[in-house]
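Commentary on secondary and tertiary structure
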Amino acid sequence: MKIPLLDLKVQYLSIKNEVDSAIQGVLNNTSFIMGEEVNKFEESLKSYIRSEYAVSCASGSDALLLALMAIDVKEGDEVITTPYTFFATAGAISRLGAKPVFVDIDEDDCNIDVSKIEKAVTENTKAIIPVHLYGKCADMEKISEIASRYDLKVIEDACQSIGANFRFEDGTVKQAGTIGDIGCFSFFPSKNLGAYGDGGAVVTNNKDLAEKIKILRVHGSSPKYYHKYIGINSRLDAIQAAILNVKIKYLDEWTMRRIEKAKIYSNMIKEKVMENRISYYPFFEYGKQHIYHQFVIQIENRDEVIKRLNDNGIGTAVYYPVPLHIQECFKDLGYKKGDMSVSERKAETTLALPIYPELKKIFIEKIIDIIGCKS
Ligand SMILES: Cc1ncc(COP(=O)(O)O)c(C=O)c1O
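Residues numbered from 1 in each chain as written. Predicted model: local features only at pLDDT ≥ 70, side-chain atom pairs only at ≥ 80, totals over all residues. Heavy atoms only, no water.

A word on the overall build of the chain
- When helices and strands are tallied, the chain shows 13 helices and 12 strands.
- The C-alpha atoms of the chain give a radius of gyration of 21 Å, which matches the 21 Å a tight globule of 375 residues would have.
- Here the C-alpha coordinates of the chain stretch approximately 65 × 55 × 45 Å along the principal axes.
- Counting contacts in the chain only where the partners sit at least 6 residues apart, residues at least 24 apart contribute 71% of the total.
- Within the structure as shown, the chain displays about 16500 Å² of accessible surface, and the carbon and sulfur contribution to it stands at 50%. (Helix = DSSP H or I, 4+ residues; strand = E, 2+ residues; numbered from the N terminus. Rg over C-alpha atoms; globule rule 2.2 N^0.38 Å. Contact = heavy atoms within 4.5 Å. Areas by Shrake-Rupley, 256 points an atom, 1.4 Å probe, with all protein chains shown as cover.)

Shown next as structure tokens:
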């Protein structure tokens, strides 16, 4: 029995007729760039996320770049973020000539450690990019407080967290991506809302920022051939938009099924009293909805556990094996091993287990049995 880390085929087969006819619709009307499907998707995303504006683009990486361009991040600026994320978060900062300033992560949820952010603020700090890693929001209450105290912009990297929400102490609940100034999403195929190629979007409640991003994504031109800014070419492909228009209708149901799988994993880990070996696993917290983009555990002998799982046909992944502060391309920033001890330890001891809406309970039982058996 093979259990992949993610099974995109089984999901496609469940919506094949709808997806195939949506793609055929684009081929028939030949509106390949922008057009009806893209507009429709932006409307659907806006109402799903509950933001005032949604602007689609070519990828989550571009969403981050466009967001930073919209707030005028440039050489000499510093942007605070986490070293424990996909490269694009910090890559977008560096691409604009600005400096990523890394703040280590929280032991409990692998998101930026908000108790360490203030120490990293300088007179050059322009923004904070919290990443809602694995499907759970960073502590947006504290981040919003710090941002308003130092007059910083907040760009949420919600690429892994569509549909997650955050409950503030006063009881207000907000969706990931709508709390800061701008939220960025990725529709990379493996994401909870994944296209069949690349795709991304930016959401905001600020009309001026939304207008600016719309212009920036078409080489800064408004009207066409009159260039107001030096932008980029970053549009959501119409075929991808048509696919996303089908898939977004199922997203809530798929999210609930992911949450169920995560609960099964958590209960089995508890039942089998593996908690002394598994020192970290995500759990469900009321009001702080985790959408389980990934189910990541921390375990001693991680590499040996991965080997055992892989030998038994079970897919795994490590998100992320090298934290960004010690990536070769960032060596000029001057960080060294040991500077971000929590991230470094997670990089050595965590692994992602299979999670997707269609994952069967017997698969989870098998995975947990294999992890639990002593080699
Ligand atoms: C946290 C995070 N940020 C940014 C990105 C970049 O998104 P994309 O792959 O769509 O460019 C991803 C996706 O891989 C991500 O997981």
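Digging into the pattern of salt bridges
- All chains considered together, the criterion is met by 19 salt bridges.
- Put simply, D77 and K126 hold a salt bridge, and the shortest N to O gap is 3.6 Å. Here D77, found in the loop between α4 (60-70) and β2 (78-81), pairs with K126, found in strand β4 (residues 125-129); they are 49 residues apart in sequence, far enough to count as distant.
- A residue is classified by how much of its surface remains accessible, and K126, at 22% relative accessible area, is partly exposed.
- Among the ionic pairs, R149 bridges to E118, the shortest N-O distance being 2.7 Å. Of the two residues, R149 is situated in helix α7 (residues 140-150) and E118 in helix α6 (residues 117-120); the sequence distance between them amounts to 31 residues.
- Note on R149: relative accessible area 47%, which makes it partly exposed.
- Judged by relative accessible area, E118 falls into the partly exposed class, the value being 32%.
- Connected via shared salt-bridge partners are K74, D77 and K126. (Salt bridge = Lys/Arg side-chain N within 4 Å of Asp/Glu carboxyl O. Buried < 20%, exposed > 50% of the residue type's maximum accessible area, 1.4 Å probe, protein only.)

Comments concerning the sheet that holds β2
- In spatial order, the strands read β1-β9-β8-β5-β4-β2-β3; together these seven strands make up an open sheet with mixed pairing. Each edge of the open sheet carries a strand with a single partner, namely β1 (53-57) and β3 (99-102). When the angles between neighbouring strand axes are averaged without regard to direction, this sheet yields 25°.
- In the sheet, β2 pairs with β3 via four bridges, with the strands oriented parallel. Within β3, the residue paired with V79 across the bridge is P100.
- With respect to the sheet, α4 is in contact with β1, β2, β4, β5 (153-157), β8 (182-186) and β9 (200-204), its orientation differing from that of β8 by roughly 160°. (Pairing = 2+ DSSP bridges. Axes fitted to C-alpha atoms, helices over the stretch in contact; angles between N-to-C directions.)

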